[in-house]
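The chain contents come next:
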Amino acid sequence: MAYHLSSAPIRFRFAAGLGLLVPRRRVSYVLGIETSCDDTGIAIVDTDGRVHSNVLYSQQEFHTRYGGIIPPRAQDLHRARIEDAYNHCLVEADLRPEQLTAIAVTNRPGLPMSLLVGLRFARHLARKLQKPLLPVHHMEAHALQARMENISAISFPFLCLLISGGHCQLALVRGPGRLTLLGQTLDDAPGEAFDKIARRLRLYVLPQYRAWNGGQAIEHAAQSAVCPDAYDFPLPLAQQRNCNFSFAGIKNNSFRAIRARERLEQTPPDGIISNYSDFCAGLLQAVSRHLMHRTQRALEYCLRPENGLFGDASPTLVVSGGVANNDVIYRNIEHLAGQYNCRSYRPFKRYCSDNGVMIAWHGIEQLLANSAQHLRFDYHNIDIQGSAGFKDSSVEDVTRSAIKCKWIKPLDHLRGRATAEAGHCDA
């Protein structure tokens, strides 16, 4: 199925990195191509931040039937759909190919077989149209997307929590290609954990969740919870004063709790435990708490006078990636940021998950940061990278800092209240 989405226009020009309004100049159009995983996304965005077209072909329904993404089939589906997505994109934008200024494409990180389809198509277009090709780091694109919608409010640098099906990272963002890693997952990503737990819980036996991903199903099921504290979940990495994440413990604890409940209720192989909503609510709170703790330490690290990492900019926290769609998680992170007088943002929900808009916008950020440097015509030198980190890392410095925090408690699931855990500090 193809989804044709649009965004309200943003009518201003700016100096990238400075957050300053500047006089208009000729509008340029960048085509963005996203095929890093299982979604074929192509979009056109202009330098005023207007989305002229956004076409997304999702493979979710296909892969859900098999319990996970099958890379060769994902590649086949990308190949079958990418040209049609491109043609639909041009028609929706009412533009000719010659009017494009540049082609931006995800070339790292992601599934190599999927990345290859997007890059080869982008090379073909760039050569045919004689346009520059802009390689895009997928997670950087997620980090910068919120600026397209809030460019006057989000200036560099800002702290970003990236949470998705394949990644969980905290990074300080100074501009395109200028991200400093503060912490990352040591095992599973939150979206991956949600998918595996939802599958083990067998939420898919309920008709309303049959075509949903695990995170969506768990969030919706949690809304019906009667006793959200019915299950206990561990707090990962509680004794490690850094900003890294771990979701394997929560996942494994979930499997054990589900198995114990199934034995107690004698749940049939095609059934589901009776209080699955309570389980989902407890799981969401556990994941939120872990994300909050690590993000809180990152905020403390950035706000330290000796670090001064926010500079003269107002402290800002951006939450992005597919899991940022989860309202429970975002409200908790927003609540945390508020305790530090830090503004928080996330992209519009339709742009949190993978899409071509974020790739096109990253291309625009590249051009505006240094247009001459990023205008690349050496197409053959641009290749895919299945794994790719950020330019810099301060993970070791964060660990050496060993920052103690007085933890901010997650919002109450049922009543929407929150209080600080008075007097409770980490060890």
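From a predicted model like this one, the values you see are computed outputs, not experimental measurements.

> Would you take a moment to explain the nonpolar core for this structure?
A general feature of soluble globular proteins is that nonpolar side chains tend to end up buried together. Core analysis: the largest hydrophobic core is formed by 64 residues, its most contacted members being L159, L201, L203, F279, L283, L291 and I329. Of all hydrophobic cores here, the second largest spans 38 residues; its members include L134, A143, I151 and I154.

> Even after reading the chapter, I still don't get helix 9 (residues 327-339), so can you show me in this structure?
Residues separated by three or four positions in an α-helix point in the same direction, a consequence of the helix having 3.6 residues per turn. In this model, helix 9 (13 residues) spans 18 Å end to end at C-alpha, consistent with the 18 Å of a helix rising 1.5 Å per residue. Of all the residues in helix 9, the buried ones are V328, I329, Y330, N332, I333, H335, L336 and A337. The N-cap of helix 9, judged by a side-chain oxygen 3.0 Å from the amide nitrogen of V328 a few residues on, is N326.

> Help me understand the pairing of strand 5 (residues 39-46) in this model?
Within a regular strand, the side chains alternate between the two sheet faces. In terms of burial, strand 5 is a largely internal element, eight of the eight residues being buried. Alternating positions in strand 5 separate into two faces, D39, G41, A43 and V45 on one and T40, I42, I44 and D46 on the other, with burial throughout. Bridging between strand 4 (residues 29-34) and strand 5 involves six bridges; their strand directions are antiparallel. Of the residues in strand 5, the one forming a bridge with V30 is V45. Where strand 4 folds back onto strand 5 in an antiparallel hairpin, the turn is made up of four residues. The pairing of strand 5 with strand 6 (residues 51-58) spans seven bridges and is antiparallel. Each residue of the ladder has a partner; that of I42, found in strand 6, is V55. Joining the antiparallel neighbours strand 5 and strand 6 is a turn of four residues, in which G49 adopts a positive phi near 85°.

> Please explain the confidence of the model for the protein as it appears in this structure.
Regions with low pLDDT carry predicted coordinates that are not meant to be interpreted in detail. Model confidence for the protein is summarised by a mean pLDDT of 89, while 89% of its residues fall at 70 or above. Low pLDDT, under 50, characterises residues 1-24; the predicted model gives this stretch 64 contacts beyond four residues in sequence or across chains. Counting interchain partners and residues more than four positions distant, the pLDDT-below-50 stretch residues 414-427 has 31 contacts.

> Looking at this model, I keep getting lost on the pattern of salt bridges. Mind explaining?
When their charged atoms lie close together, side chains carrying opposite charge are able to pair. On inspection of all chains with the given rule, the structure shows 16 salt bridges. One salt bridge in this structure joins D48 and R50, with 3.5 Å as the shortest N-O distance. For the pair formed by D48 and R50, the shared burial category is buried. D327 is the partner of K349 in a salt bridge, and the nearest nitrogen-oxygen pair spans 2.9 Å. Within this pair, whereas K349 is found in the loop between strand 13 (343-345) and helix 10 (356-374), its partner D327 is found in helix 9, the two being separated by 22 residues in sequence. We classify K349 as partly exposed; its relative accessible area is 39%. Residue D327 is classed as partly exposed on the basis of its relative accessible area of 22%. Look at the salt bridges and you will find they share partners, linking D46, D48 and R50 into a network.

Cut-offs and rules
Residues numbered from 1 in each chain as written. Predicted model: local features only at pLDDT ≥ 70, side-chain atom pairs only at ≥ 80, totals over all residues. Heavy atoms only, no water. Core = buried A, V, L, I, M, F, W, Y, C linked by side-chain atoms within 4.5 Å. Buried < 20%, exposed > 50% of the residue type's maximum accessible area, 1.4 Å probe, protein only. Helix = DSSP H or I, 4+ residues; strand = E, 2+ residues; numbered from the N terminus. Expected span 1.5 Å × (residues − 1). Polar contact = N/O pair within 3.5 Å; in protein donor to acceptor, adjacent residues only side chain to side chain. Pairing = 2+ DSSP bridges. pLDDT = per-residue confidence, 0-100. Contact = heavy atoms within 4.5 Å. Salt bridge = Lys/Arg side-chain N within 4 Å of Asp/Glu carboxyl O.

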